[in-house]
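# Structural overview for review
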Amino acid sequence: MKELEQLKQWIDESDNIVFFGGAGVSTESNIPDFRSVDGLYNQQYDYPPETILSHTFFLQNTGEFYRFYRNKMIFKDAQPNDAHIALARLEKRGKLRAVITQNIDGLHQKAGSKEVLELHGSVLRNNCMSCGKFYPLDEILSQKGIPVCHCGGTIKPDVVLYEEGLDSYVLEKAISYIKHADVLIVGGTSLAVYPAAGLIDYYRGNKLILINKSKTSRNAHADLEINDAIGKTLRPWAT
């Protein structure tokens, strides 16, 4: 397949690769994209995911938020797949500079990646809204209902909800990596969620690689397009 040969050549030749990924990177670790509406979801919740995962809903319906969050957003036993492992190994070889991810599951770090920019935060970090005390994921899982800090304050996950802005430091760092990248690999994302999807507009090179099972709105801008699973595509670099 000529696309895979081209991918291999560009990876072999570069030591300045940046990866930008979305939910499709984690679906191969059996973490579903919460936007895919299934029967169980329809039976359990009275609101769409985008409503439940909003800042306003969190403040006004905190208990219902946490019911959805624990059931649909936390996959503690999930393991890195070939995509996560391949990216970690490319970084270790000095070829990949950074992973920029929209995912909140921490699987890139679990696979061994060091430079991971989490645009939407992480379920592994939680803080009291009153005193700022840090809590690990286990604290969220061990408490029932709304998790409460020792001070009495509500504990909030360090994830970016709808209506909330992205962390400016993480965003600026991501833009810098993309601007200076030789090769930009975009995988497992439909490039539909902004402002994150707009980051690829900062790329100045001529080796933009889009790897996704389905077409995206940016396929016309790609220098190389591979319509397949990201883990399957990157498997040669995972072994």
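Above this text you will find the structure in question.
Note that the structure is predicted; figures quoted are calculated from it, not measured.

### A closer look at the pairing of strand 7 (residues 183–187)
Where burial is concerned, most of strand 7 is hidden: 5 out of the 5 residues are buried. The alternating pattern of strand 7 places V183, I185 and G187 on one face and L184 and V186 on the opposite face, and all of these are buried. With 4 bridges connecting them, strand 7 and strand 8 (residues 208–211) associate as parallel partners. Bridge assignment links V186 to a residue of strand 8, and that residue is L210.

### Topic: the packing of aromatic side chains
Going through the model one piece at a time under the given rule, you end up with 6 aromatic pairs. On the numbers, 4.9 Å between centres and 90° between planes, the contact of F58 with F65 is edge-to-face. In terms of burial, F58 and F65 fall into one category: buried. Ring centres 5.4 Å apart and planes at 15° place the aromatic pair F65 and Y69 in the stacked group. Of this pair, F65 and Y69 both sit in helix 6 (residues 62–72), 4 residues apart, which is roughly one turn of the helix. As far as the burial class goes, F65 and Y69 line up, both buried. Every member of this aromatic cluster is reached through a ring pair, and the members are F58, F65, Y66 and Y69. In this structure, K133 is placed above the aromatic ring of Y135, and the distance from its NZ or CZ to the ring centre is 5.4 Å.

### What about the sheet that holds strand 6 (residues 155–159)?
Two pairing modes exist for strands in a sheet, parallel and antiparallel, and in both the strands are linked by backbone hydrogen bonds. What the 3 strands build is an open sheet, ordered 5-4-6; its pairing is antiparallel. Looking along the sheet, the strands with just one partner apiece sit at the ends: strand 5 (134–135) and strand 6. Note that strand 4 (residues 121–128) and strand 5 share 2 bridges and pair antiparallel. In the strand pairing of strand 5, N127 is matched with F134. The strands that helix 6 touches are strand 4 and strand 6; relative to strand 6, the one it contacts most, it runs at about 50°.

About the thresholds
Throughout this document, residue positions are counted from 1 along each chain, in the order its sequence is written. Whole-chain, interface and lining totals are the exception, using all residues; otherwise, since this is a predicted model, local features are given only for residues with pLDDT of at least 70 and side-chain atom pairs are given and counted only at 80 or more. Values reported for side chains reflect all heavy atoms of the structure, with hydrogen atoms and water molecules removed beforehand. In this scheme, a residue with accessible area under 20% of its type's maximum is buried, one over 50% is exposed, and one in between is partly exposed, where area comes from a 1.4 Å probe on protein chains only. Numbering of helices and strands runs from the N terminus, with a helix taken as a DSSP run of H or I at least four residues long and a strand as a DSSP run of E at least two residues long. By the convention used here, strands pair only if DSSP detects at least 2 bridges between them. Pairing of aromatic rings covers Phe, Tyr and Trp, the last counted by its six-membered ring, and requires centre-to-centre distances within 6.5 Å; plane angles under 30 degrees mean stacked, over 60 mean edge-to-face, and any other angle means tilted. Two thresholds decide whether a charge sits over a ring: the Lys NZ or Arg CZ must be within 6 Å of the ring centre and within 35 degrees of the ring normal. By definition in these notes, contact holds between two residues if any of their heavy atoms fall within 4.5 Å. Note on method: axes are straight lines fitted to C-alpha atoms, helices fitted across the in-contact stretch only, with angles between N-to-C directions ranging 0 to 180 degrees.

Shape descriptors only; they carry no functional weight alone.
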